[in-house]
Amino acid sequence: MPTPGYKEILIETAAVGICGTDTHVLDGEFEGTVFPLVPGHEATGKIVALGEDVNSGVFDFKVGDHVAVNPSTTCGECEFCQNGHQNLCRFWNGLGVVASDGASQQFFTAPAANVYKLKPETDIYEAALIEPLACAIRGWDVLPRRLGDHVLIYGAGTMGLLMGQLASRAGASTVTIVDLNEDRLKVAEECGIQLRYTSADQAEREQWDVVIDCTGNIRAIEDGLTRVKPAGFFQDFGVAPADRTAQFSPFRVYRDEISIVGTMAVLNSFGRAVELFEGGAINAKAMISHSFTLDDYEEALELFRQGSGRKLQIRPNDTQSRVLL
């Protein structure tokens, strides 16, 4: 049982989503990870204890509150923290990702500043999607969000589905999503994404105002860059292997004034993610297909690596793994 320190909160874990970052961490591919480490960064739970001075300032947390947790912590002192780019902090630390234990355990601690209250009626298990939703909001923060744009998204996994569901709220006239897995395209249909294909070649248009890669796959990235309209935007959202490179035409980027943008984790977007989630911005129920106990963590990872199911969750205090959809 962890003990909450100064301005820390002890949380009984409800649900933890598994994402590609977890596999990169466990495979030793994530920069900066310090082992041993308890994984799990997409988390919700219930407050069971408050550390010293948690409520001495602006907070009003109570034992029993249902909460979601922003896993990103920063130093607050480096150049990037000081100039408003805390997500690029040189000492960035993600719970369950870098050097602090995450939520894939029955109880975990988090800084009070990273904890967000949920409404009592909010589904505490579905709300584990708030952390990836916060990443998606950050993704849209660095895109133009122009009314009437046509948007193309590669990948109908969790992040592609979230980016697609936010696209219309960001002003998109049409949203097209591409994935080789037709089962995932069915989920995209349930989530309200209108145009769904296994290849962008099947679409009626040839180019889009905004193209977003949510796969990290080099072939998808290279293909996506050719689909951007002049004066359009390409976003590298998916996590590609650090040692891989993609080929593209620098001349076309120059001539057609194409903007290529990256996006990293969460930046001032977690609170907005809570608001949007609780406001019904995404179809959370359609996105979560399996829950697993801690004992079945290895099975969950294997299913994730196979690309099977929808969003997979660890529910550390459950005694039985379940197929939800």
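Look up: the structure comes first, before these words.
Residues numbered from 1 in each chain as written. Predicted model: local features only at pLDDT ≥ 70, side-chain atom pairs only at ≥ 80, totals over all residues. Heavy atoms only, no water.

A. Spatial organisation of the overall build of the protein. Regarding its fold elements, the protein presents nine helices and 16 strands. Taking 20 Å as the expected radius of gyration for a compact globule of 325 residues, we find that the protein reaches 20 Å, a close match to that expectation. Its C-alpha atoms put the protein at 60 × 45 × 35 Å along the principal axes. Looking at the protein residue by residue over its 325 residues, the buried ones come to 52%. Across the protein, contacts joining residues at least 24 apart in sequence account for 71% of those joining residues at least 6 apart. When the accessible surface of the protein is totalled, it reaches about 15200 Å², and 48% of it is carbon and sulfur. Between the averaged position of the 27 positive side-chain charges in the protein and that of its 44 negative side-chain charges there is a distance of 6 Å. (Helix = DSSP H or I, 4+ residues; strand = E, 2+ residues; numbered from the N terminus. Rg over C-alpha atoms; globule rule 2.2 N^0.38 Å. Buried < 20%, exposed > 50% of the residue type's maximum accessible area, 1.4 Å probe, protein only. Contact = heavy atoms within 4.5 Å. Areas by Shrake-Rupley, 256 points an atom, 1.4 Å probe, with all protein chains shown as cover. Lys, Arg positive; Asp, Glu negative; His and termini not counted. Charge placed at Lys NZ, Arg CZ, Asp CG, Glu CD.)

B. Representation of the sheet that holds strand β12 (residues 228-236) in the model. As summarised here, the arrangement of the six strands in space is β10-β9-β8-β11-β12-β13, forming an open sheet in which the pairing is parallel. Pairing within the sheet leaves two strands with one partner each, and these edge strands are β10 (195-197) and β13 (259-262). Across this sheet, the average inter-strand angle for adjacent strands is 15 degrees, counted without regard to direction. Sheet analysis places strand β8 (residues 150-154) next to strand β11 (residues 208-213), joined by four bridges and oriented parallel. Following the sheet pairing, Val151 is matched in β11 by Val210. Its contacts with the sheet put helix α6 (residues 218-225) on β8, β11, β12 and β13, and the angle it makes with β12 is roughly 160 degrees. (Pairing = 2+ DSSP bridges. Axes fitted to C-alpha atoms, helices over the stretch in contact; angles between N-to-C directions.)

C. Just the packing of helix α3 (residues 130-141) against helix α8 (residues 270-278), in detail. Look at α3 against α8: their axes get within 8 Å of each other, and the N-to-C directions meet at 110 degrees. When the interaxial angle is binned, α3 and α8 end up roughly perpendicular. Classified by chirality, the crossing of α8 by α3 is right-handed. The residues of α8 that touch α3, namely those facing Ile130, Glu131, Leu133, Ala134, Ile137 and Asp141, are Phe270, Arg272, Ala273, Val274, Leu276 and Phe277. Taken together, the residues of the contact of α3 with α8 break down into nine nonpolar, no polar and three charged. (Parallel < 35°, antiparallel > 145°, perpendicular 65-115°, else oblique. Left-handed = near helix turned anticlockwise from the far one by under 90°. Nonpolar A, V, L, I, M, F, W, Y, C, P; charged D, E, K, R; others polar.)

D. Structural view of the pairing of β12. When β11 meets β12, the two strands line up parallel, connected through five bridges. From the neighbouring strand, Trp208 faces β12, where its bridge partner is Val228. A crossover links β11 with its parallel partner β12, the connecting element being α6, and its sense is right-handed. Inspection of the sheet shows β12 paired to β13 by four bridges, in the parallel sense. The residue of β13 that forms the bridge with Phe234 is Ile260. (Right-handed = clockwise from strand over helix to strand, strands pointing away.)

E. Spatial organisation of the nonpolar core. Ranked by internal contacts, the top residues of the largest apolar core, which has 47 residues, are Ile130, Trp140, Met163 and Ile212. The set of elements that each furnish at least two residues to this core consists of α3, β8, α4 (158-167), β9 (174-178), α5 (182-190), β11 and α8. In contact with Ile212, not counting residues within four places along its chain, are Trp140, Leu143, Val151, Leu152, Ile153, Tyr154, Met163, Gln235 and Phe237. Formed by 23 residues, the second largest nonpolar core is a distinct cluster that contains Phe61, Phe108, Phe292 and Leu312. (Core = buried A, V, L, I, M, F, W, Y, C linked by side-chain atoms within 4.5 Å.)

F. Quick look at the packing of α3 against α4. Where α3 meets α4, the axes come as close as 9 Å, and the angle between the chain directions of the two elements is 55 degrees. In terms of their interaxial angle, α3 and α4 are classed as oblique. By crossing handedness, the relation of α3 to α4 is classed as right-handed. Across from Pro132, Leu133, Cys135, Ala136, Ile137, Gly139 and Trp140 in α3, the residues of α4 making contact are Thr158, Met159, Leu162, Met163, Leu166 and Ala167. Residues belonging to the contact of α3 with α4 are distributed by class as follows: eleven nonpolar, two polar and no charged.

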